[in-house]
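Next come the chains, spelled out residue by residue.
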Amino acid sequence: NLGGIRLTIPTGGFVITSAGLAGEISIGTSLNFGGVSFSGALKLSINNTNLPVNQTFTVGGTSFTISLQKGPFFRISGENISLTVAGQTLSGNFAIESSQSATGAKKTTIAATNITLSLGGVVNVTNGTGLFVIDPTGMAGTLSADVGLNLPADISFVGNFKLVINNTNKAVNESFTVGGQTVALDVQAGPYVRVEGNNIALTVAGQTLSGNFSFEQITKAGGAKIIKIAASDIHLGLGDGTTEFVSLHNGQGTFLITPTGIAGQL
């Protein structure tokens, strides 16, 4: 217990051979400094060999097994992490891994599952999942979550949002396990940035706009940036909050914005 930071180490074990070092240490931690608190179970894993490791340890009457894939890699992961700052809470499972391929290329992987965020009861984020891969060629990744906004004056905004980014010129297909859940990343070659919104619903004073939307920016070979906008299953209802007097159904459209102008249909 170090001045408000409490650490517990339930298990830890390392194997040292002529091939290198591999092991894992579990850390339970809690921190509380006024308006800032942090708690959760962290795990530090390392394997600087090119072999998988499966080793059982017994110490103090307790037995546990460490199972690691082949390295070299260094990973910090956390399950049921909770960070509260000034009454606002972010929680979920997180993992950061630095690894190296047989050719010596380095890669950093960042993954998260079961992410929730609450901001003063106005913004609520749930079911957050993300995976990002960073290597010498660039970064690719996805982040998705259910988002709800409850604003004054009878305004609400809900939907599932997804960010997809790939600033490399290659397709990326990766998977990573964090918090017992496997997160997959399968994106086409870039470079591009895309934001998708599914089952989006905006309600203002009883008037509702809903549908699916996509915004994507791509960079052409010559450096020109193009923006693509798409929408489907659009519904617009205008009424008194109980009865719709004017309604639009089955709306769909695409628009293309280039340095020379805009083209599209709705």
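I will try to describe carefully the structure that is included in this document. Source: prediction; values computed, not measured.

Overview of the overall build of the protein
Here's step 1: Secondary structure summary: the protein contains zero helices and 19 strands in total.
Here's step 2: Since a compact globule built from 266 residues should have a radius of gyration of about 18 Å, the 24 Å found for the protein marks it as more spread out than a globular shape.
Here's step 3: Each principal axis of the C-alpha distribution contributes one length, and for the protein these read about 75 × 50 × 25 Å.
Here's step 4: Residues counted as buried form 30% of the 266 residues belonging to the protein.
Here's step 5: A fraction of 42% describes how many contacts in the protein between residues 6 or more apart in sequence connect residues 24 or more apart.
Here's step 6: Of the roughly 15,200 Å² of accessible surface on the protein, a fraction of 59% belongs to carbon and sulfur atoms.

Quick word on the nonpolar core
Here's step 1: Counting residues in each nonpolar core, the largest one holds 15 residues, and the members touching the most others are Leu131, Leu185 and Val187.
Here's step 2: Put simply, the parts of the chain that give this core at least two residues each are β10 (123-135), β13 (172-178) and β14 (181-187).
Here's step 3: What valine 187 contacts, discounting residues up to four positions off in sequence, is Ala140, Thr142, Val164, Asn166, Ala171, Val172 and Tyr192.
Here's step 4: Core analysis: the second largest hydrophobic core is formed by seven residues, Ala22, Val53, Phe64 and Leu68 among them.

Notes on the side chain of threonine 29
Here's step 1: Turning to its location among the elements, threonine 29 is positioned in strand β3 (residues 20-33).
Here's step 2: Assessed through its relative accessible area of 11%, threonine 29 is described here as buried.
Here's step 3: If we ignore the near neighbours within four places in the chain, the residues touching threonine 29 are Ile5, Arg6, Leu7, Phe38, Ser39, Gly40 and Leu42.

What about the pattern of salt bridges?
Here's step 1: As enumerated under the stated definition, the model contains six salt bridges in all.
Here's step 2: When salt bridges with common partners are traced through the structure, they connect Arg194, Glu196, Glu216 and Lys228 into a single cluster.

With respect to the pairing of strand β17 (residues 225-239)
Residues in a regular strand project their side chains so that they alternate between the two faces of the sheet.
Here's step 1: Looking at chain direction, strand β16 (residues 207-219) and β17 are connected through eleven bridges and run antiparallel. Paired with isoleucine 218 across the two strands is isoleucine 226, which belongs to β17.
Here's step 2: Here β16 hands over to β17 after five residues, with glycine 223 in that stretch at a positive phi of 100°.
Here's step 3: The antiparallel hairpin formed by β17 and strand β18 (residues 244-258) contains four residues in its connecting segment, where glycine 241 sits at a positive phi of about 95°.

Describing the pairing of strand β5 (residues 53-59)
Here's step 1: Bridge analysis of β5 against strand β6 (residues 62-68) gives seven bridges, and the strand direction is antiparallel. The partner of valine 59 across the bridge, within β6, is threonine 62.

Digging into the packing of aromatic side chains
Here's step 1: Following the criterion strictly, the structure yields two aromatic pairs and no others.
Here's step 2: Summarising the aromatic geometry, the rings of phenylalanine 57 and phenylalanine 64 are spaced 5.4 Å apart at their centres and angled 20° between planes, so their arrangement reads as stacked. With respect to burial, phenylalanine 57 and phenylalanine 64 carry one shared label: buried.
Here's step 3: For the pair phenylalanine 157 and phenylalanine 161, a centre-to-centre distance of 5.7 Å together with 45° between the ring planes defines the contact as tilted.

Observations concerning unusual backbone geometry
Here's step 1: For the peptide bond that leads from glycine 71 to proline 72, omega is 5°, which places it in the cis range.
Here's step 2: In this structure, asparagine 127 takes a positive phi of about 55° despite not being glycine.
Here's step 3: Of note, asparagine 127 is situated in strand β10.
Here's step 4: Its relative accessible area of 49% is what places asparagine 127 among the partly exposed residues.
Here's step 5: In this structure, asparagine 250 is a non-glycine residue whose phi angle is positive, near 55°.

Considering a nonpolar patch on the surface
Here's step 1: On the surface, a nonpolar cluster with roughly 640 Å² of combined accessible area is contributed by Leu202, Val204, Leu209, Leu236, Leu238, Phe245, Val246 and Leu248.
Here's step 2: Of all the secondary structure elements, the ones that give two or more residues to the nonpolar patch are β15 (192-204), β17 and β18.
Here's step 3: Of all the elements, β18 adds the most residues to the nonpolar patch, at three residues.
Here's step 4: Structurally, valine 204 is set in strand β15.

Thresholds applied
Residues numbered from 1 in each chain as written. Predicted model: local features only at pLDDT ≥ 70, side-chain atom pairs only at ≥ 80, totals over all residues. Heavy atoms only, no water. Helix = DSSP H or I, 4+ residues; strand = E, 2+ residues; numbered from the N terminus. Rg over C-alpha atoms; globule rule 2.2 N^0.38 Å. Buried < 20%, exposed > 50% of the residue type's maximum accessible area, 1.4 Å probe, protein only. Contact = heavy atoms within 4.5 Å. Areas by Shrake-Rupley, 256 points an atom, 1.4 Å probe, with all protein chains shown as cover. Core = buried A, V, L, I, M, F, W, Y, C linked by side-chain atoms within 4.5 Å. Salt bridge = Lys/Arg side-chain N within 4 Å of Asp/Glu carboxyl O. Pairing = 2+ DSSP bridges. Phe/Tyr/Trp six-rings, centres within 6.5 Å; stacked < 30°, edge-to-face > 60°. Patch = residues over 30% accessible without salt bridge, like charges linked within 9 Å, V, L, I, M, F, W, Y side chains within 5 Å.

Fair warning: the whole summary comes from geometry, so function is off the table for now.
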